[in-house]
Every structure is written in C-alpha cells, then in structure tokens.
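So the chains spell out like this:
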Amino acid sequence: MRYKDKVVVVTGGSKGIGFGCVRAFVEEGGSDVVFCARNAEDGQAVAAHLNTHGPGRAHFVQCDVSKVDDVRTLIDETVGKFGRLDCLINNAGWHPDHKPIDDFSVQDFRHLLDLNLVSIFAACKFALPHLRKVKGNIINMSSLVGAIGQLHATTYVATKGAITALTKALAVDEAEYEVRVNAVSPGNVYTPLWQEAIDASDDPAATRASGEAAQLLGRMGTIEEAGRLCLYLAAEATFTTGVDHVLSGGAELGYGRKTRRG
Ligand SMILES: NC(=O)c1ccc[n+]([C@@H]2O[C@H](COP(=O)([O-])OP(=O)(O)OC[C@H]3O[C@@H](n4cnc5c(N)ncnc54)[C@H](O)[C@@H]3O)[C@@H](O)[C@H]2O)c1
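Notes on the structure in this doc start here. A quick note: this is a predicted structure, and the numbers were derived from the prediction, not measured.

## Some remarks on the overall build of the protein
Here is step 1 of the chain: Regarding its fold elements, the protein presents nine helices and seven strands.
Here is step 2 of the chain: In summary, the protein has a C-alpha radius of gyration of 18 Å against a globular reference of 18 Å for 262 residues, a match within 12%.
Here is step 3 of the chain: Classification of the 262 residues of the protein by burial places 48% in the buried group.
Here is step 4 of the chain: Contacts spanning at least 24 positions in sequence make up 75% of the contacts within the protein whose residues lie at least 6 apart.
Here is step 5 of the chain: Of the accessible surface of the protein, which amounts to about 13100 Å², a share of 54% is contributed by carbon and sulfur atoms.
Here is step 6 of the chain: Treating the 27 positive side-chain charges of the protein as one cloud and the 31 negative ones as another, the clouds have centres 4 Å apart.

As structure tokens, then:
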C-alpha cells in the first residue's frame, strides 16, 4: 500500500477525475479518503461501493465547495474524525458552455470564480495548519487550457490559469514547512463532464471523435490515469513542488489548424 495510514481529502469525488482519485487512494494507497460532493445519495453510494473492496476506506461528507462554510466543515470534520490530514486534492470544478465574452455576465464570472478558484483558496487555508504538522501536500486540479487558452471559454480559462498561479505561489510559501503544493492540468480526460459536452453538441459522434483526435495519443485520458498521477504525486514525488503536471496525451504539441481563414 503506497499511502497507508494517511488521510486524504478529495473535493468533488463522486464521479469523474475526483472519483478516479478517491478510488486510487483507497485501492492502491490504502488511505482513509474523505470526499465530498453536493449530492448525498451519489456520494454515499460511491463510498459504500468502494468500501466493499478496500483496503483503504472512503468516507463521504456532503459539501458545496462554492460555500466557504461547507469547505471549512469538510476540513474540520476530517481532522476531528482522524486527527490528521496528509493530502488535500482540490478537484471540484465546472466548465460552463462555450460562448464569447459578450454572452457571459459579470455575475457568471463571479460565480465561477467562487466555484473553481475561491473554493481552492479556502480549502488550502483551512487545511494548511494540519498539513504543516505532518509535512503533507496539496494537489490542485487545474487544466491544460489555463496555459494554452480555449475557444469561447474566457471565464473557465481564467479560473484555471489562476489555480496554476496560486499553486506556484503557495508552493513558495509552504516550502519552509515542507508542505508540497502541485497542480495537475488535464487535457481531455473522459468523464461525465465531457459526456455532458458530447450530449449537448449538435453532432455527438463527431464531438467525441474530435475530442479523441485532439491528442497525439489518439484518445482521451482516463480517470484511472488521473488518479494514478495524483497518488504518485502524494506518495512518491517527494522532491516535487510548485509543478504543473500536464496530463494531456500530447494535446498541446505540434502545429494544428487554428483558424477558419485560408
Ligand atoms: N475532464 C476533463 O477533460 C478535464 C480537463 C481539464 C480539467 N478538468 C478539471 O478536473 C476537475 C474534475 O472534472 P471532471 O471532468 O471529473 O468533472 P465531473 O463533472 O465529471 O465531476 C465533477 C465532480 O465535482 C463535483 N462537484 C461539482 N460542483 C461541486 C460543488 N459545487 N461542490 C462540491 N462538489 C462539486 C461533482 O459532484 C463531481 O463529483 C474539474 O476541476 C475540471 O475543471 C477536467
């Protein structure tokens, strides 16, 4: 077991990449994993399913990360129950529909900042006093598009670029406590969020195919690959801090068609 006797918090762990992380830490890490989501029924079902296998344990806490008090309670309940916190994975986040800046309101942007960015600042702030005691680590789920941009996604891209920047600034500050802070930037990882985009498009088959073709490796990443990277960062990458780990299958490399002109 690669992360045994450790306590991990994962936000947004009932499905998608967060679920991949919860499962990796329970099954390969042997950890106690406290994960949250907004929907209690989904979360409890996921915990019950994972706990039939072990060897670690999954514990569900209902929490909306866009509410600062919920985030505080998530951390407090975890430390109250287990007496320690070794790793915080800030995964919960959302990508709104693609549209030009004209069609986003300022309020849309503020809401997304709360959900994708302020939630991470709050979770880090509440968790750090506990992480410092055990020289723990933080993993923030950013996105490849935070570095390379994306069509009609100004608000989302802004939140993700800020997550990577926050990660680096916090890594600088927390080094004196030997707390490591890293980011993971997925490109296209096949999850329910991606399926939503496929379902919402005019041509679902073509949308899925173009999602697959965007990577040098010719497919999307999996939630298992995301979970394994996070477990590696927590358990083995002990000389790694302030790094943005791109999990993209090479999507950002090489020239591609970038304009309708010509
Ligand atoms: N899937 C991709 O290709 C991809 C690419 C880049 C970045 N990401 C990032 O990875 C993270 C996970 O994405 P995903 O594709 O697995 O998404 P998903 O929608 O499939 O799963 C999101 C999870 O977060 C939870 N969640 C959403 N809003 C929440 C809230 N307010 N409070 C608590 N929990 C909440 C959901 O319950 C769910 O468990 C996000 O931060 C996303 O921006 C994903």
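## What about the site of the ligand?
Here is step 1 of the chain: Taken together, 28 residues surround the ligand, and among them Ile17, Asn91, Tyr156, Val189 and Thr191 come closest.
Here is step 2 of the chain: Within the side chain of Ser14, an N or O atom sits 3.0 Å from an oxygen atom of the ligand.
Here is step 3 of the chain: At a separation of 2.8 Å, an oxygen atom of the ligand approaches a polar backbone atom of Ile17.
Here is step 4 of the chain: In the complex, 94% of the free accessible area of the ligand, which totals 830 Å², lies under the protein chains.
Here is step 5 of the chain: Listing elements by their share of the shell around the ligand, those giving two or more residues are α1 (16-29), α6 (154-174) and α7 (192-200).

## A word on the packing of helix α4 (residues 106-134) against α6
Here is step 1 of the chain: In contact at an axis separation of 9 Å, α4 and α6 are set at 20° when each is read in the N-to-C sense. Classed by the angle they form, the pair α4 and α6 counts as roughly parallel. Helix-helix and strand crossings are classified by hand; for α4 and α6 the assignment is right-handed. Along its contact with α4, which presents Phe109, Leu112, Leu113, Asn116, Leu117, Ile120, Phe121, Cys124, Leu128 and Arg132, the element α6 presents Thr155, Tyr156, Ala158, Thr159, Lys160, Ala162, Ile163, Leu166, Leu170 and Glu174.
Here is step 2 of the chain: A per-class count over the contact of α4 with α6 returns 14 nonpolar, three polar and three charged.

## Describing α6
Here is step 1 of the chain: The end-to-end C-alpha distance of α6 is 30 Å, a good match for the 30 Å that 21 residues give at a rise of 1.5 Å each.
Here is step 2 of the chain: Buried residues of α6: Thr155, Tyr156, Val157, Thr159, Lys160, Ile163, Thr164, Leu166, Thr167, Leu170, Ala171 and Glu174, and no others.
Here is step 3 of the chain: Buried-residue contacts for α6 involve α4, β5 (137-141), α5 (145-148), β6 (180-186) and β7 (244-247).

## Details of a nonpolar patch on the surface
Here is step 1 of the chain: Where nonpolar side chains cluster on the molecular surface, the patch consists of Leu216, Leu217 and Leu253 and spans about 350 Å² of accessible area.
Here is step 2 of the chain: By secondary structure assignment, the location of Leu253 is in the segment after β7.

## Remarks on helix α3 (residues 68-82)
Here is step 1 of the chain: Helix length check: α3 (15 residues) gives 22 Å between terminal C-alpha atoms against 21 Å at 1.5 Å per residue, within 8%.
Here is step 2 of the chain: Those residues of α3 that are buried lie in contact with β1 (7-11), β2 (32-37), β3 (57-62), β4 (87-90) and α4.

## Side note on the packing of α7 against helix α8 (residues 204-213)
Here is step 1 of the chain: The contact between α7 and α8 brings their axes to 7 Å, and the two run at 135°. Between α7 and α8, the interaxial angle falls into the category oblique. As α7 packs across α8, the resulting crossing turns out to be right-handed. Across the interface between the two elements, Trp194, Gln195, Ala197 and Ile198 from α7 touch Pro204, Thr207, Arg208 and Gly211 from α8.
Here is step 2 of the chain: For the contact of α7 with α8, the class distribution of residues is four nonpolar, three polar and one charged.

## As for the pairing of β3
Consecutive residues of a regular strand have side chains that alternate between opposite faces of the sheet.
Here is step 1 of the chain: Where β2 and β3 come together, six bridges link them in parallel fashion. The residue of β3 that forms the bridge with Phe35 is Phe60.
Here is step 2 of the chain: Crossover handedness for the path β2 to helix α2 (residues 40-51) to β3: right-handed.

## What to know about the pattern of salt bridges
Here is step 1 of the chain: Summed over the entire model, instances satisfying the criterion amount to nine salt bridges.
Here is step 2 of the chain: Note that Arg84 is salt-bridged to Asp86, the shortest N-O span being 2.6 Å.
Here is step 3 of the chain: A relative accessible area of 2% places Asp86 in the buried class.
Here is step 4 of the chain: With its nearest N and O atoms 3.6 Å apart, the salt bridge here joins Lys135 to Glu178. On the criterion of sequence distance, the pair formed by Lys135 in the loop between α4 and β5 and Glu178 in the loop between α6 and β6 is long-range, its members being 43 residues apart.
Here is step 5 of the chain: Note on Glu178: relative accessible area 49%, which makes it partly exposed.

Thresholds applied
Residues numbered from 1 in each chain as written. Predicted model: local features only at pLDDT ≥ 70, side-chain atom pairs only at ≥ 80, totals over all residues. Heavy atoms only, no water. Helix = DSSP H or I, 4+ residues; strand = E, 2+ residues; numbered from the N terminus. Rg over C-alpha atoms; globule rule 2.2 N^0.38 Å. Buried < 20%, exposed > 50% of the residue type's maximum accessible area, 1.4 Å probe, protein only. Contact = heavy atoms within 4.5 Å. Areas by Shrake-Rupley, 256 points an atom, 1.4 Å probe, with all protein chains shown as cover. Lys, Arg positive; Asp, Glu negative; His and termini not counted. Charge placed at Lys NZ, Arg CZ, Asp CG, Glu CD. Near = heavy atom within 4 Å. Polar contact = N/O pair within 3.5 Å; in protein donor to acceptor, adjacent residues only side chain to side chain. Axes fitted to C-alpha atoms, helices over the stretch in contact; angles between N-to-C directions. Parallel < 35°, antiparallel > 145°, perpendicular 65-115°, else oblique. Left-handed = near helix turned anticlockwise from the far one by under 90°. Nonpolar A, V, L, I, M, F, W, Y, C, P; charged D, E, K, R; others polar. Expected span 1.5 Å × (residues − 1). Patch = residues over 30% accessible without salt bridge, like charges linked within 9 Å, V, L, I, M, F, W, Y side chains within 5 Å. Salt bridge = Lys/Arg side-chain N within 4 Å of Asp/Glu carboxyl O. Pairing = 2+ DSSP bridges. Right-handed = clockwise from strand over helix to strand, strands pointing away.

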